[in-house]
Amino acid sequence: MLAATKKPATKKSTTKKTKTTTKKTTTKKVVKKTTKKTATKKVAKKTTTKKVTKSNRTKVICISHKEDADGISSAALIRQAFGGDAILVDYPGQMEALQQVVTDEKLKSLYICDLGLSKKTQDEFIDIMKTLRKNKVSITYIDHHDIDPNVVKSLEKLKVKVIHDINECTTVQVYNAYKSKLNEHATFVATCAAITDYMEDRPLGSKLLQMYDRQFALISATVLTYNIVGHQKEPDYLLYLVEELAESKFPHDIPNTFEFAQIQVEKLSQMIAKVKAGMKTMKNLGHMEILDSGASGAVNFVMGLSGKDVGVAYKERVDHGIYAVSVRGSKNCKVHLGKIVNLLATDLGGSGGGHDRACGAVIPKPKIKKFITELNKKIK
Ligand SMILES: [Mn+2]
């Protein structure tokens, strides 16, 4: 307990440091690059108006997934290759972030990483891309979630660069596309991302893992993941991780990461007992409502301990009137859970989707039982 109370305190102090440094350095960098320009710009702004705003576009932004090592590592490699700032979001927060950047008159190029689209979001997504392209913003969409082929067509028509392969994690694809702009350490960042996305056995992912001692890569990926999962409510810490990875730090070189991982491991071990006590089963799945942690941290235990090939964990987001749902399939699960959940969630007024054996959804609170019973029917 002492350790548990001690560590977050040190963490807070580092986070605070980064709170100020992250923002300052990033803004400083932009200012540095454009000091002279902005000086003249400001003057120019006063006299002319629209012509200037066009040439004003200097900003690079990467919107990436904040919940796992693949999203954080993608943002880190984009930062190493192109500079700029990251905006880290979860799936439901993605559209809000896009609505925000679309109004940014300084935006020059936008990278969108590891954020799948669903039936519910894809039309609005394309509309926002249209507006950005009208403003001559260059856009690169890099992902590995299942995607509607018509969306890819629409994006390519708009000259959005689409890098999409369901067979490699996003960071490996970022690495592969931009290796000439990245240093050697980027291979390690990509390896860790592949491990956490269960994709270190894929053609590119496995080649990267071969470069490193397997156990060293596994412990690094795991510690990184636990630090990401345990800091979901501290956006500045997550941005700090992006910076440190972009600057070629190993997870063990980032202060307190192993100590923090130990706290997470202890929490997870308590989860095993809770899941054993609270889990329910249906014919084809195990499910459980989670009250005091994230659903995604519990879902693998729900699947594993239920003895079923599909596990569902759901947590209420009280102020939103919804459940955040995580779904996992075992290796024996032969259906594409991401596709099924995308359709089912949309039918129930929510949204969702993802991979064949790992996906998530947002479900309106009154529909959660229906979601589980329907999913149970659809996966036999
Ligand atoms: Mn991913």
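Our subject is the structure listed above.
In this report, we go over the structure that sits alongside the text. (Residues numbered from 1 in each chain as written. Predicted model: local features only at pLDDT ≥ 70, side-chain atom pairs only at ≥ 80, totals over all residues.)

## Some words on the overall build of the protein
- Helix and strand content of the protein: 15 helices and 11 strands.
- By the burial criterion, 43% of the 380 residues in the protein qualify as buried.
- Expressed as a percentage of contacts within the protein between residues at least 6 apart in sequence, the contacts between residues at least 24 apart total 65%. (Helix = DSSP H or I, 4+ residues; strand = E, 2+ residues; numbered from the N terminus. Buried ≥ 20, exposed ≤ 12 C-beta atoms within 10 Å, placed from the backbone. Contact = placed C-beta atoms within 7 Å.)

## Points about helix 14 (residues 337-347)
- Every buried residue of helix 14 is listed here: Leu-337, Gly-338, Ile-340, Val-341, Asn-342, Leu-344 and Ala-345.
- The elements touched by buried residues of helix 14 are strand 8 (310-317), strand 9 (322-329), strand 10 (351-354), strand 11 (358-364) and helix 15 (368-378).
- Downstream of helix 14 by one or two residues, Gly-349 has phi in the positive range, about 85 degrees.

## Side note on the packing of helix 8 (residues 186-196) against helix 9 (residues 203-210)
- Between helix 8 and helix 9, the shortest axis-to-axis distance is 9 Å and the interhelical angle comes to 120 degrees. It follows from the interaxial angle that helix 8 and helix 9 lie oblique. Here the hand of the crossing between helix 8 and helix 9 comes out left-handed. Here Thr-187, Ala-190, Thr-191 and Ala-194 of helix 8 lie close against helix 9, whose contacting residues are Gly-205, Leu-208 and Leu-209. (Axes fitted to C-alpha atoms, helices over the stretch in contact; angles between N-to-C directions. Parallel < 35°, antiparallel > 145°, perpendicular 65-115°, else oblique. Left-handed = near helix turned anticlockwise from the far one by under 90°.)

## Describing the sheet that holds strand 9
- With respect to topology, 6 strands assemble into an open sheet ordered 6-7-8-9-11-10, the strand pairing being mixed. Only two strands of the sheet have a single neighbouring strand rather than two, namely strand 6 (280-281) and strand 10.
- Here 4 bridges tie strand 7 (residues 286-289) to strand 8, and the two strands are oriented parallel to one another. In the sheet register, His-287 faces strand 8, and the bridge partner there is Val-312. (Pairing = 2+ DSSP bridges.)

## Things to note about unusual backbone geometry
- The phi dihedral of Asp-114 is positive, around 60 degrees, even though this residue is not glycine.
- Here Asp-114 lies in the loop between strand 3 (107-113) and helix 5 (122-134).

## Topic: the packing of helix 12 (residues 257-278) against helix 13 (residues 295-306)
- Where helix 12 meets helix 13, the closest approach of the two axes is 10 Å, and the angle between their N-to-C directions is 50 degrees. One element, helix 12, and the other, helix 13, form an angle in the oblique class. As helix 12 packs across helix 13, the resulting crossing turns out to be right-handed. In this structure, helix 12 uses Leu-268, Met-271, Ile-272, Val-275 and Lys-276 to contact helix 13, whose residues at the interface are Gly-297, Ala-298, Phe-301, Val-302 and Leu-305.
- By residue class, the composition of the contact of helix 12 with helix 13 is 8 nonpolar, 1 polar and 1 charged. (Nonpolar A, V, L, I, M, F, W, Y, C, P; charged D, E, K, R; others polar.)

## Comments concerning the sheet that holds strand 3
- If you trace the 5 strands from one edge of the open sheet to the other, you get 2-1-3-4-5, paired in parallel fashion. Because the sheet does not close on itself, it has two edges, and the strands there are strand 2 (85-89) and strand 5 (161-164). Averaged over all pairs of adjacent strands, the angle between strand axes in this sheet comes to 15 degrees, irrespective of strand direction.
- As judged from the 5 bridges shared by strand 3 and strand 4 (residues 138-143), these two strands associate in the parallel manner. In the strand pairing of strand 4, Ile-112 is matched with Tyr-141.

## Looking at the pairing of strand 9
- A large share of strand 9 lies buried, amounting to 8 of its 8 residues.
- Burial of the side chains of strand 9 extends over both faces: Ile-322, Ala-324, Ser-326 and Arg-328 are buried on one face and Tyr-323, Val-325, Val-327 and Gly-329 on the other.
- Pairing of strand 8 with strand 9, which is carried by 8 bridges, proceeds in the antiparallel orientation. Paired with Val-310 across the strands is Gly-329, a residue of strand 9.
- Two successive antiparallel strands, strand 8 and strand 9, enclose a turn made up of 4 residues, where Gly-321 displays a positive phi of approximately 65 degrees.
- Here 7 bridges tie strand 9 to strand 11, and the two strands are oriented antiparallel to one another. By the bridge assignment, Tyr-323 is partnered in strand 11 with Ile-363.

## Side note on the environment of Lys-378
- With respect to the helices and strands, Lys-378 occurs in helix 15.
- Among the residues examined, Lys-378 registers 14 C-beta atoms within 10 Å and is labelled partly exposed.
- Considered as a pair, Lys-378 and Ile-340 are 38 residues apart in the sequence and their alpha carbons are 7.6 Å apart.
- The residues contacting Lys-378, other than those within four sequence positions of it, are Ile-340 and Leu-344.

## Here we look at the pairing of strand 4
- With helix 5 bridging strand 3 and its parallel neighbour strand 4, the resulting β-α-β unit is right-handed.
- Examined bridge by bridge, strand 4 and strand 5 share 4 bridges and lie parallel to one another. Residue pairing across strands places Ile-142 opposite Ile-163, the latter belonging to strand 5.
- Handedness of the crossover is the feature at issue here: the chain leaves strand 4, passes through helix 6 (residues 149-157), returns alongside strand 5, and the resulting connection is right-handed. (Right-handed = clockwise from strand over helix to strand, strands pointing away.)

## Description of the environment of Thr-373
- Mapped onto the elements, Thr-373 comes out in helix 15.
- Spatially, the C-alpha atoms of Thr-373 and Asn-284 are 9.8 Å apart, while their sequence positions differ by 89 residues.

## What about the environment of Ser-180?
- Along the polypeptide, Ser-180 turns up in the loop between helix 7 (170-178) and helix 8.
- A residue is classified by how many C-beta atoms lie within 10 Å of it, and Ser-180, with 6 of them, is exposed.
- Along the primary structure Ser-180 and Ala-81 are separated by 99 residues, whereas in three dimensions their C-alpha atoms are 8.6 Å apart.

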